Amino acid sequence: MSGALAFDEGLAHEYNRARKALAAAFQAMALEAVPRDQFDLDEVKRSVSSEMRRLFEGRVDSSLFVVGGYTAPHPDAYAVLASRLGEPVPAWRLRLLSGDKIHTERRTRELRDLGFDVEVTGSQDNQMYCLTSLEPNLRYAAAFQLRKKASKAKKLTRLERTAAIDLAERTAELPPRKESR
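Residues numbered from 1 in each chain as written. Predicted model: local features only at pLDDT ≥ 70, side-chain atom pairs only at ≥ 80, totals over all residues. Heavy atoms only, no water.

## Comments concerning the nonpolar core
To be explicit about the condition: Definition used in this section: a nonpolar core is a set of buried Ala, Val, Leu, Ile, Met, Phe, Trp, Tyr and Cys residues joined via side-chain atoms within 4.5 Å. Exposed residues in this analysis have more than 50% of their type's maximum accessible area, buried residues have under 20%, and partly exposed residues fall in between, with area computed by a 1.4 Å probe over protein chains only. Secondary structure elements follow DSSP: runs of H or I no shorter than four residues count as helices, runs of E no shorter than two count as strands, and numbering proceeds from the N terminus. The contact rule is simple, with two residues in contact once any of their heavy atoms fall within 4.5 Å.
Residues F56, L64, Y78, F116 and L146 are the most contacted members of the largest nonpolar core, which totals 46 residues. Those elements that place two or more of their residues in this core are α2 (41-56), α3 (74-83), α4 (91-96), β3 (128-131), α6 (138-152) and α7 (158-171). Broken down by element, the residue count for this core peaks at seven residues, all from α6. With near-sequence residues (within four places) excluded, F56 lies in contact with F65, A142, A143, L146, L167 and T171.

## Quick look at the pattern of salt bridges
Side chains bearing opposite charge may pair, as long as their charged atoms lie close to each other. Counted only if it meets this: A pairing counts as a salt bridge when a side-chain nitrogen of Lys or Arg comes within 4 Å of a carboxyl oxygen of Asp or Glu.
Counted by the stated rule, this structure contains eleven salt bridges. D40 serves as the salt-bridge partner of R46, at 3.8 Å between the closest nitrogen and oxygen. Given a relative accessible area of 45%, R46 falls into the partly exposed group. According to the relative accessible area criterion, D40 is partly exposed, its value standing at 37%. Measuring nitrogen to oxygen at the nearest pair gives 3.1 Å for the salt bridge that ties R147 to E169. Of this pair, R147 sits in helix α6 while E169 is found in helix α7, placing the two residues 22 residues apart along the sequence. Taking the relative accessible area as the measure of exposure, E169 reaches 30% and is therefore partly exposed. Look at the salt bridges and you will find they share partners, linking D40, E43 and R46 into a network.

## Observations regarding the packing of aromatic side chains
What counts here: Whether two aromatic rings pair depends on their centres lying within 6.5 Å, for rings of Phe, Tyr and Trp, where Trp uses its six-membered ring; planes under 30 degrees apart make the pair stacked, over 60 edge-to-face, and the rest tilted.
Applying the stated criterion to the full structure yields three aromatic pairs. Ring centres of Y78 and F116 lie 4.9 Å apart, and the angle between their planes is 35 degrees; this geometry places the pair in the tilted category. In this pair, Y78 is assigned in helix α3 and F116 in the loop between α5 (104-109) and β2 (118-121), connecting sequence segments 38 residues apart. The pair Y78 / F116 is uniform in exposure class, with both members buried. Put simply, the rings of F39, Y78 and F116 pair up and form one aromatic cluster.

Any link to function would need more than the numbers given here.
Right under this line is the structure:
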């Protein structure tokens, strides 16, 4: 290659290995500082399920009252945001929790689906996340989760699915549904 540097496969491999090791070390350090015992996302999920039962019992299939998912990195992101309630937390700080994996910010925004008010500010390169309250909007969360579960429930008839989704959308003002592909 005249005038251009040849790609050094070995150097690139070593860079990638070092990058992964550094990300793992920072992840361990970041996770050590997460106050999980003070801010339990599983308790929030149980509260949302209870609200679903309270609002929808006898009106839709009770198998829809289970709030699943919201595993790594959701609980850690929630604990970090909750421990800094009302304060902006940089996106890079949240990415450390997952070893700099992609989509950490999306997982953080998904806390809204559990009724939390998570504000996002800043530019794409410098986003900040702020949890404004420790009290989730349980009515919103219950409606959101019902719609989410009903839209994926294979055991419901089309009529039951539509009725559950309509009920959820009448219960709280939900964002527009994402069309399934």
